[in-house]
Amino acid sequence: MATTHHEHHDDHGHDHAHHVIPISLLMKVFGGLIIGMALTVYAAIFGPKMPVQFMWLIAMLIAYAKAFLVVQYFMGVKYTTKLVKAFAYGGFFWATLLLIMLTDYGTRQWEPVPGWTPGEESALSRDLEIDRVPEDVQIHH
Amino acid sequence: MSSHESTHPDAPVVYEQFEDIGQQQETYVLGMWSFLVNETMFFAPLFFVYGLYTWKHHADFYLAHALLDWRIGGINTFILLMSSFAVALSVHYAQKGRTRAQLNCLWFTIACAAAFIWIKLQFEWIPKISHGVFPNPEFIQNYPHYAMEHGVPAADPYKARLYYSLYFAITGLHALHVAIGIIVFLALIYLIKKKSSLITDYIPTEMVGLYWHFVDLVWIFLYPLFYLMPRP
C-alpha cells in the first residue's frame, strides 16, 4: 500500500532532504554561462588569429566548461547520489569516447566514394543536369 | 500499481516498492538520467559525423558556414541559457512551494523556447529553404547563386551540400527537442494548475527541467561547431 511522505516519515523516522540550490548561486552560474558564451564569440570572431586546431580546442574547452556548470548546478548533479553521478558523467564521457574512432579515419586513406565528386573515377553517371555546377558561378578552391 | 490517493493532498506518495521518499526520488532522477544518456547516444554520432567531415573538408565547410549569421546564433544561445536559468528557478520555487513563481518561470521558459524556434525559422531556415539551399536535388544549382547574392565566396557545392545536410539534420533534431519541450512544459503547467494527483512535489518539475537542460547542453556545443568555425 502506498503511503504519503509524511506518514512514512512518521513511521520510520528518516527522510531524504532534497537540496534547494539558492537563487544567488543559480545567478552566478547563469553569469558564468554568459561569460563563457562571450569568450567563445570573442575567441572565434574578434580574437587574435591562432592555429585552427588551437581555436577548435579553445571553443570545445569553453563549451565543456559551460556544460559542466549546467550539469553540476542547473541539473543538480553536484547534490545527487553517487549512482546518479555515475550515470550523468558516464554518459557524457561515453559520448567523448566516440572521438577515439577519429584516430582510425585520421590514420588511413578514405575509400573513394563513387559519384561523390565530379571528375573522379566513378561508377555513377555525372551527366545529370541537376548535378552540374552552373557555368556562370565562380567556385572558390 | 499503487494508488495516488493520499491522506495529505500536498504530500508525495511513497510507493510500496520503495524504502523511503529519498530512494523513490533517486529512482525518478536515475530513470530520467538513463533517458538523457540515451539522448546523448542519439546526438553523439551526429556530432561525430559532423566533426569527421569538418576535419576532412574544413576549407569548404568554412566557406559554407559563412551563410550562417553568428549573431543570430548568439541571440538564440542567450535565449536558451536564459530559459535554462528560468527552469532552474522554477525547480527552486517548486521546492519551496511557491507555485505562482514556479509557474511564471515555466511560462517564461516556454516563451524563450518559442522565440528560439521563431528566430531559427524566420532568419535561417525559411530564407534558405525558399532559395533551395537545403538538402534537395537542385542544391548544386541553387547554392552558388545564393552565396553570390550574399557576397560570400561559394564553397564546392558538393561539400556545401554535405555541410547543409548535416546542419539541417542536427539543428532540426535539436529544434524538434525544443518543440517537444514546449509541449511537455504546457502539460506540466496544466497538471499543476489542475492540482493533479500526479504533482505532489517538485520532482515532476525537476524531471522536465533535466530534459530542458539537456536541450540547452546540446546547443552549447552546436553553437561553436556550426556558427563559430575557425578560419582554416
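The structure contained in this document is the topic of the report that follows. Owing to the predicted nature of the structure, the values given are computational and were not obtained by experimental measurement. (Residues numbered from 1 in each chain as written. Chains lettered and ligands numbered in written order. Predicted model: local features only at pLDDT ≥ 70, side-chain atom pairs only at ≥ 80, totals over all residues. Heavy atoms only, no water.)

To continue, consider the overall build of chain B. A tally of helices and strands in chain B yields seven helices and one strand. Traced from its N-terminal end to its C-terminal end, chain B shows the element sequence β-α-α-α-α-α-α-α. Within chain B, the fraction of its 232 residues that count as buried is 61%. Sequence separation of at least 24 residues holds for 76% of the intrachain contacts in chain B that already meet a minimum separation of 6. Summed over its atoms, the accessible surface of chain B is roughly 9,300 Å², and 63% of this surface lies on carbon and sulfur atoms. (Helix = DSSP H or I, 4+ residues; strand = E, 2+ residues; numbered from the N terminus. Buried < 20%, exposed > 50% of the residue type's maximum accessible area, 1.4 Å probe, protein only. Contact = heavy atoms within 4.5 Å. Areas by Shrake-Rupley, 256 points an atom, 1.4 Å probe, with all protein chains shown as cover.)

Residue and element names in this part refer to chain B. Packing of helix 3 (residues 70-96) against helix 4 (residues 99-130) leaves a shortest axis separation of 8 Å and a crossing angle of 165°. In terms of orientation, helix 3 and helix 4 fall into the roughly antiparallel class. Crossing handedness for the pair helix 3 and helix 4: left-handed. Partitioning the contact of helix 3 with helix 4 into residue classes produces 19 nonpolar, six polar and two charged. (Axes fitted to C-alpha atoms, helices over the stretch in contact; angles between N-to-C directions. Parallel < 35°, antiparallel > 145°, perpendicular 65-115°, else oblique. Left-handed = near helix turned anticlockwise from the far one by under 90°. Nonpolar A, V, L, I, M, F, W, Y, C, P; charged D, E, K, R; others polar.)

Residues and elements named next belong to chain B. Under the counting rule described, the total for this entry stands at 24 aromatic pairs over all chains. When the centroid spacing of 6.2 Å and the interplanar angle of 40° are considered together, the rings of Phe139 and Tyr164 count as tilted. Taken together, the positions of Phe139 in helix 5 (residues 139-149) and Tyr164 in helix 6 (residues 157-193) put the pair 25 residues apart, joining distant regions of the chain. Feature note: the residues Tyr50, Phe61, Trp125, Phe139, Tyr143, Tyr163, Tyr164, Tyr167, Phe168 and Phe226 constitute an aromatic cluster, connected by ring pairs. (Phe/Tyr/Trp six-rings, centres within 6.5 Å; stacked < 30°, edge-to-face > 60°.)

Let us look at a nonpolar patch on the surface. On the surface, Phe93, Trp94, Leu97 and Ile100 of chain A together with Met41 of chain B cluster together into a nonpolar patch covering about 490 Å² of accessible area. In terms of residues, the nonpolar patch owes the most to one element, helix 4 (residues 82-97) of chain A, which gives three residues. Topologically, Ile100 of chain A is positioned in helix 5 (residues 100-107). (Patch = residues over 30% accessible without salt bridge, like charges linked within 9 Å, V, L, I, M, F, W, Y side chains within 5 Å. Salt bridge = Lys/Arg side-chain N within 4 Å of Asp/Glu carboxyl O.)

A word on empty space enclosed by the protein. Across all of its chains, the model carries two cavities of 30 Å³ or more by this definition. By volume, the largest cavity amounts to about 70 Å³. Leu39, Thr40, Ala43, Ala44, Met55, Trp56, Ile58, Ala59 and Ile62 of chain A together with Leu228 and Pro230 of chain B are the residues that line the largest cavity. Put simply, the parts of the chain that give the lining of the largest cavity at least two residues each are helix 2 (23-46) and helix 3 (52-74) of chain A. Here the lining of the largest cavity gets five residues from one element, more than from any other, and that element is helix 3 of chain A. (1 Å grid on protein atoms, 1.4 Å probe; cavity = no way out; pocket = protein on both sides within 12 Å on 5 of 7 lines; lining within 4 Å. Points joined across faces, edges and corners; volume = space filled by probe spheres on them.)

For the rest of this paragraph, the subject is the nonpolar core. By size, the foremost hydrophobic cluster in this structure holds 101 residues, and its most contacted members are Met75 of chain A together with Trp33, Tyr143 and Tyr164 of chain B. Ignoring any residue separated from it by four or fewer positions in sequence, one finds Met75 of chain A in contact with Val70 of chain A together with Trp33, Leu36, Leu210, His213, Phe214 and Leu217 of chain B. Listed in part, the six residues of the second largest apolar core include Leu98 and Leu102 of chain A together with Ala44 and Leu52 of chain B. (Core = buried A, V, L, I, M, F, W, Y, C linked by side-chain atoms within 4.5 Å.)

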